[in-house]
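Chain by chain, the residues:
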Amino acid sequence: MEVQAEETVRNCINQQLIRVIISNPRERSEGSISKVKMRPVLINGEIRYQGTEYIGSRVIHKNYTDSEAVEYILRMMKHSFKQCEIACKDLTAGILVSKKGKVTVNVRKNQLRQISMEQGGPLLQHNRTKNYILKEGIPVPFLIDLGVMNKKGDIVKSRYDKFRQINRFLEFIRDVESELPKNREIKIIDFGCGKSYLTFAVYYYLHEVKGLDVSITGLDLKKDVIDKCNRLSNSYGYDKLIFKPGDIAEYTGQDSIDMVITLHACDTATDHALYKAVSWNSKVILSVPCCQHELNKQIHNELLQPVFNYGILKERMAALMTDAIRAEVLKIKGYRTDILEFIDMEHTPKNLLIRAVRSNETGDIQPLRRMVSEFGAAPSIIRLFQI
C-alpha cells in the first residue's frame, strides 16, 4: 500500500475510531470473504478492535490489538479488496484501489464547534454533514461513474439532489431490510430501471455494505441504457446485478421475487408491475408511480363537477385517486401498505412512494368498490386483479 494509505490507517486505529468497512472484493469465489467490518470494543478494561468477516451466510468474529488491526486492514486492502471506509469522531477517511492498483486516499475532517464551558454550553456540532447511508467524502465507484461524485468522494454540486435522492431511497430499503429472507439469496427486480442510479445503490447497500447474498435484475425498454449499465456492473465485479431490455407487462423471466421496485413506470405500466409483484407473492413492493393519465379520462362526478371543470385540478385529483386505488388493492391482496413522501425525481415532480409489505391480513374490498362505482372509473389495476 502507498505510504499515505498506511499512515491514514495507523492514525485512525485509536479510541476515536467508530467503524471500518472494507468492501468491493477484487475477486469473488465461493467461500471467500465478501466484506469486513471492524469496531472498537472494551474487553477486560482494554480496547480491542473486533473484526467481522462476512463469508456467504456466515460471519466470523476476531479481536485484534491496535497494531494487529492496522496490519489486518492493510493486508486486506493490498491483496483482496478495493474499498475501505474509516469513520472516526473527528474525521472520515476513504481508501479506493483501482483495477490497475492505483491507491486514492481521501481524508475529511468532521466540522466541530465548541462553546466554552464558562458559558455553560455543551459541545455542539456545527455544519455537520448529514448522516447519509452513502457518505460524502467516501468514494463509491458507481457514483463516480454516474457523475454524482468525483474521484475524491466529493459530491458534484449540480448532482447533490441526486445524491440526496439516492440516500433517501436507501432509507426506505433499510426500513424493510428485516422483511427480506436471511438464509438464502434475496431476489429483487427493478422495473423501468432507466439509468439505474438507484438500482446500483440498492445492490451496493445490500451486498457491499450489509454483506447480504442478493441478486438484482434491472429491466428497461432502452437497450443502449441497458448495455451501459451491464458494462458498469461487470467492471465492478457485481456478478449478481444484471440488466435486461424488456417490457414490464410481457416480462416472464422469473418465477419468484422477494422485492419489486418500480420507479416512474409510466401510467398503467405501474399497474402491471404491481400485478406481477403480487403474483410472485413478493415480500416487499416499493413503487413511485408516474403519469397517472388513465383515470383522468374516466372519472366523472356531479358533486365534484366544479373541481373537474378545471383541467389541472382534475388531473391532480385523478393522480391521487389512482395511487389510493393501487394502495387499497395491495391491502386487499394482503399487504401492509403506506404512501410516503419521496424526494422529487430529476425530470418530474412526482414524489409519492407506495410501500407495501406482505402481511397476514387482507383489507375490506367494499369501500374501494363503492368509490370506483361512484366515479365511473375502470382502472387497469382493478381489471388485472379482477376485483
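The structure displayed is predicted, hence computed values, not measured ones.

A. Local environment of the sheet that holds strand S7 (residues 103-109). A sheet is described by the order of its strands in space; here seven strands give the open sequence S4-S3-S2-S1-S5-S6-S7, paired in antiparallel fashion. Pairing within the sheet leaves two strands with one partner each, and these edge strands are strand S4 (58-64) and S7. The mean inter-strand angle of the sheet, taken between neighbouring strand axes irrespective of direction, is 15 degrees. Summarising the sheet, strand S2 (residues 35-43) and strand S3 (residues 46-55) pair through nine bridges and their orientation is antiparallel. Across the sheet, Leu 42 pairs through a bridge with Ile 47, a residue of S3. Across the face of the sheet, helix H2 (residues 66-79) comes into contact with strand S1 (17-25), S2, S3, S4, strand S5 (81-88) and strand S6 (91-97) while running at roughly 145 degrees to S5.

B. The arrangement of the side chain of Thr 262 in detail. Within the secondary structure layout, Thr 262 lies in strand S13 (residues 259-266). Not counting residues up to four positions away in its chain, the partners in contact with Thr 262 are Phe 191, Thr 270, Ala 273, Leu 286, Ser 287 and Val 288.

C. Structural view of the nonpolar core. One finds Phe 142, Phe 169, Ile 173 and Phe 200 to be the most contacted residues of the largest nonpolar core, which totals 52 residues. Ranked by residues supplied to this core, first place goes to helix H5 (residues 197-209) with 10 residues. Look past the residues within four positions of Phe 142 in its chain and what remains in contact with it is Leu 134, Tyr 197, Phe 200, Ala 201, Tyr 204 and Tyr 236. Within the second largest apolar cluster, 34 residues are counted, among which are Ile 189, Ala 265, Phe 308 and Leu 368.

D. Expanded view of the pairing of S6. Where burial is concerned, most of S6 is hidden: seven out of the seven residues are buried. Direction of pairing for S5 relative to S6: antiparallel, over a ladder of five bridges. Its bridge partner being in S6, Ile 86 is matched across the sheet by Ala 93. Hairpin geometry of S5 and S6 is characterised by an intervening segment of two residues between the two adjacent antiparallel strands. With seven bridges connecting them, S6 and S7 associate as antiparallel partners. Paired with Thr 92 across the two strands is Arg 108, which belongs to S7. Connecting S6 to the antiparallel partner S7 that follows it, the hairpin turn spans five residues, and Gly 101 within it adopts a positive phi of roughly 90 degrees.

E. Up close: the packing of aromatic side chains. Following the criterion strictly, the structure yields 17 aromatic pairs and no others. Ring geometry for Tyr 160 against Phe 163: centres 5.7 Å apart, planes inclined by 55 degrees, an arrangement best described as tilted. Of this pair, Tyr 160 and Phe 163 both sit in helix H4 (residues 160-176), separated by three residues, roughly a single helical turn. Judged by relative accessible area, which is 0%, Phe 163 ranks as buried. Between the aromatic rings of Tyr 236 and Tyr 238, the centroid separation amounts to 5.3 Å while the plane-to-plane angle is 55 degrees, which identifies the pairing as tilted. Look at Tyr 236 and you get buried, because its relative accessible area is 4%. An aromatic cluster of three or more residues is present, and its members are Phe 142, Phe 200, Tyr 203, Tyr 204, Tyr 236, Tyr 238 and Phe 243. Looking at Lys 162, its charged tip hangs above the ring of Tyr 197, at a distance of 4.4 Å from the centre.

F. Here's a closer look at a positive patch on the surface. There is a patch of like positive charges on the surface, built from Lys 195, Lys 222, Lys 228 and Arg 231. Here Lys 222 lies in the loop between strand S11 (214-220) and helix H6 (223-235). For Lys 222, a relative accessible area of 54% gives the class exposed.

G. Spotlight on the sheet that holds strand S15 (residues 335-341). Read across the open sheet, the seven strands follow the order S12-S11-S10-S13-S14-S16-S15; overall the sheet is mixed. Single-partner strands in this sheet number two, and they are strand S12 (241-245) and S15. On average, each strand axis in the sheet is inclined to that of its neighbour by 15 degrees, with strand direction left out of account. Bridge count for strand S10 (residues 186-191) against S13 is four bridges, and the pairing is parallel.

H. Structural view of the environment of Arg 28. Structurally, Arg 28 is set in the loop between S1 and S2. Owing to a relative accessible area of 26%, Arg 28 belongs among the partly exposed residues under this scheme. Separated by 211 residues in sequence, Arg 28 and Asp 239 place their C-alpha atoms 8.7 Å apart. Not counting residues up to four positions away in its chain, the partners in contact with Arg 28 are His 207, Glu 208, Gly 237, Tyr 238 and Asp 239. Within the structure, the side chain of Arg 28 is placed 2.7 Å from the side chain of His 207, a separation counted as a polar contact. Among the polar contacts listed, one links the side chain of Arg 28 to the backbone oxygen of Gly 237, at a separation of 2.9 Å.

I. The arrangement of unusual backbone geometry in detail. Look at Ser 196: it is not a glycine, yet its phi comes out positive at around 70 degrees. The exposure class of Ser 196 is buried, given its relative accessible area of 1%. Of note in the backbone geometry, Asn 281 takes a positive phi value of approximately 60 degrees without being a glycine. Tracing the chain through its elements places Asn 281 in the loop between helix H7 (269-279) and strand S14 (284-290).

J. Here's a closer look at the environment of Gly 253. Tracing the chain through its elements places Gly 253 in the loop between S12 and S13. Using a relative accessible area of 46% as the deciding quantity, one classes Gly 253 as partly exposed. Between the alpha carbons of Gly 253 and Thr 217 there is a distance of 9.7 Å; along the sequence they are 36 residues apart.

About the cut-offs
Residues numbered from 1 in each chain as written. Predicted model: local features only at pLDDT ≥ 70, side-chain atom pairs only at ≥ 80, totals over all residues. Heavy atoms only, no water. Pairing = 2+ DSSP bridges. Helix = DSSP H or I, 4+ residues; strand = E, 2+ residues; numbered from the N terminus. Axes fitted to C-alpha atoms, helices over the stretch in contact; angles between N-to-C directions. Contact = heavy atoms within 4.5 Å. Core = buried A, V, L, I, M, F, W, Y, C linked by side-chain atoms within 4.5 Å. Buried < 20%, exposed > 50% of the residue type's maximum accessible area, 1.4 Å probe, protein only. Phe/Tyr/Trp six-rings, centres within 6.5 Å; stacked < 30°, edge-to-face > 60°. Lys NZ or Arg CZ within 6 Å of the ring centre and 35° of its normal. Patch = residues over 30% accessible without salt bridge, like charges linked within 9 Å, V, L, I, M, F, W, Y side chains within 5 Å. Areas by Shrake-Rupley, 256 points an atom, 1.4 Å probe, with all protein chains shown as cover. Salt bridge = Lys/Arg side-chain N within 4 Å of Asp/Glu carboxyl O. Lys, Arg positive; Asp, Glu negative; His and termini not counted. Charge placed at Lys NZ, Arg CZ, Asp CG, Glu CD. Polar contact = N/O pair within 3.5 Å; in protein donor to acceptor, adjacent residues only side chain to side chain.

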